[in-house]
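Analysis of the macromolecular model
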Amino acid sequence: MAEPPSIPFRTTGSRLLHPLSVLFNVPLDQVNFAVCQSFALFAAFWFRLYLSPSRAGAIVRHVVITMIGIYFAIFCFGWYSLHIFIEVSLCYCIMITASVSNIHRYSFVAAMGYLTLCQISRVYIFNYGLLATDFSGPLMIVTQKITSLAFQIHDGLGRKDEELTTEQRRLAVSARPTLLEYCSYHLNFLGILAGPTSSYKDYIAFIEGNHIDMKLIEEHWKQKGFSKFPDPSPLRAVANKMLITFICLVWFTVITKNFPISYNVDDKFISEASFFRKLCYLFISVHASRPKYYFAWTLADAINNAAGFGFSGLDKNGNLRWNLISNLNIWNIETATSFKMCLDSWNIQTGAWLKSVCYDRAPYYPTALTFILSALWHGVYPGYYFTFTTAILITLAARAMRSNFRRYFLSSRMIKVGYDIATWASTQLALCYIVTPFLLLATEPTIKFYKSMYFHFHILCALVLPILAVKKQKSVTQIDPTFLKAKSSNPAPNRQQPKKEQ
């Protein structure tokens, strides 16, 4: 249900568009965001055509893209935008003063600490943020960029080349950015409001005009017989993504508001509905809530593409790809037959950030630590922690189930199809079970929801994990009694073993 007309005035951002807020009965914060992103799309086309690298130098491009981004932040968040500028300024001071051996640690603690303090103030001072301008989204994106860049500088200046993974070597930064480059990377109008995160090297290559050439060199373009690099147009990619945003907007307007997630914890519904009916409504309501994320992330991707940023090379058929910084793959999400497939296709850039700063560097229990960091980054709402702790259990259980049973369903096409249908349904229901607390936010409705679902996925995970672990150990012993001894005398790399400090 839309908020009353008096609520949209509760904002620290600009009130210039308040008449539109009243006309469409939409909170002013959302109107400001939508108008700024729409303006950003046209500004991106202008930036690509009139401030292209052939027309303007890197300094001009840095200055213009940064000033527009700062204006968007002030327009949408008013004095709350100071939080973004303070975090960027603080971490720039750390970046230029800290030693390369500690720059990643200090930057990570400062950025995550400041973000967490801001999240706590919103939750416990502003009553779950319902009446406060939500500046946390841009701050979360900035935190990703700050910490990513700090680790990349550490990799480039503080570690030996042979110590790095292939991905770390590709992203490593060998010189500390200037103040202008640092501000441009974090505050540019292409990603200040909704992201997505991009690597520093890719962004600088885009500003300097080397972005397309760099990606085509990776594709061995000239080795395929072409004499020069083309100037690929993003128009088709932008048009396709804008069509998706339009469909998502219509879906949100027509469908989403008719299936509120809060109805899952309605007292009358819980007492009267059967378990099957509860599952059906849970499935529908969670899927109905996805288009708002599809809308925001796809629009943000289109804005970057319109400016000429996001080109990732060619596919196997020679078609242009504009998915370098895409944040989701809608088809893979909706058809996912495994939990991993969905995670790999949802909020892709955040997943890449978590892998870069946590999973690949964690000496112990990388999966658990990565989910904990993800929860902390999202905020301090209790529902987030219910979601991510449940996700740890279900991820481990899903891995165990897949590794133990999948091979038995590959003998024929029909059996494989049946297996895919069953795993699709179970994956989608598990995701609904996991993300509902994320959407409910608070503890009380989350516990009420789990009770109405009889904690069934928690119980299944508690049964599956120890049983399959025992089964796996027995099967290994039966196959080769000397296997465990051989493993202990010549251990392979294992994430549970301590690794060299990174």
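Small disclaimer: the values here were computed from a predicted structure and weren't measured.

Cut-off values and rules
- Residues numbered from 1 in each chain as written.
- Predicted model: local features only at pLDDT ≥ 70, side-chain atom pairs only at ≥ 80, totals over all residues.
- Heavy atoms only, no water.
- Buried < 20%, exposed > 50% of the residue type's maximum accessible area, 1.4 Å probe, protein only.
- Helix = DSSP H or I, 4+ residues; strand = E, 2+ residues; numbered from the N terminus.
- Arc of directions from axis to C-beta.
- Lys, Arg positive; Asp, Glu negative; His and termini not counted.
- Salt bridge = Lys/Arg side-chain N within 4 Å of Asp/Glu carboxyl O.
- Polar contact = N/O pair within 3.5 Å; in protein donor to acceptor, adjacent residues only side chain to side chain.
- Contact = heavy atoms within 4.5 Å.
- Axes fitted to C-alpha atoms, helices over the stretch in contact; angles between N-to-C directions.
- Parallel < 35°, antiparallel > 145°, perpendicular 65-115°, else oblique.
- Nonpolar A, V, L, I, M, F, W, Y, C, P; charged D, E, K, R; others polar.

Overview of helix α21 (residues 443–452)
The periodicity of an α-helix, 3.6 residues per turn, causes residues three or four positions apart to be oriented the same way. Those residues of α21 that sit buried are Thr446, Phe449, Tyr450 and Ser452. The buried residues of α21 occupy one face: seen down the axis, they fall within an arc of 160°. In α21, those exposed residues whose orientation departs by more than 90 degrees from the buried face are Glu444 and Lys451. Tyr454 sits one or two positions beyond α21 and adopts a positive phi of about 60°.

What about the side chain of Glu87?
Along the chain, Glu87 turns up in helix α4 (residues 81–97). Buried charged residue Glu87 carries no salt bridge. Nearest counter-charge: Lys145, at 12 Å. At a separation of 2.7 Å, a polar atom in the side chain of Glu87 contacts the side chain of Thr143. If sequence neighbours within four positions are ignored, Glu87 has contacts with Ala111, Tyr114, Leu115, Leu139, Val142, Thr143 and Ile146.

Quick notes on the packing of helix α13 (residues 275–289) against helix α14 (residues 291–306)
At their nearest, the axes of α13 and α14 sit 5 Å apart, and the two run at 20° to each other. Classified by the angle between their axes, α13 and α14 sit roughly parallel to one another. Touching His287, Ala288 and Ser289 of α13 are Pro291, Lys292 and Tyr293, all from α14. A per-class count over the contact of α13 with α14 returns 3 nonpolar, 2 polar and 1 charged.

Thoughts on the environment of Leu468
Relative to the helices and strands, Leu468 resides in helix α22 (residues 456–479). Of the residues examined, Leu468 reaches a relative accessible area of 5% and is grouped as buried. A C-alpha to C-alpha distance of 6.5 Å links Leu468 and Ala400, two positions 68 residues apart in sequence. Residues contacting Leu468, with those up to four places away along its chain left out, are Ala400, Met401, Asn404 and Phe405.

Some words on the pattern of salt bridges
Under the defined criterion, the tally for this structure stands at 11 salt bridges. Note that Arg159 is salt-bridged to Glu163, the shortest N-O span being 4.0 Å. Arg159 gets classed as buried once you look at its relative accessible area, which sits at 11%. One salt bridge connects Lys416 with Asp420, and the closest N-O pair in it is separated by 2.9 Å. Residue Lys416 and its partner Asp420 are both found in helix α20 (residues 413–440); the two are separated by 4 residues, about one turn of the helix. Classification of Lys416 by relative accessible area gives partly exposed; the value is 24%.

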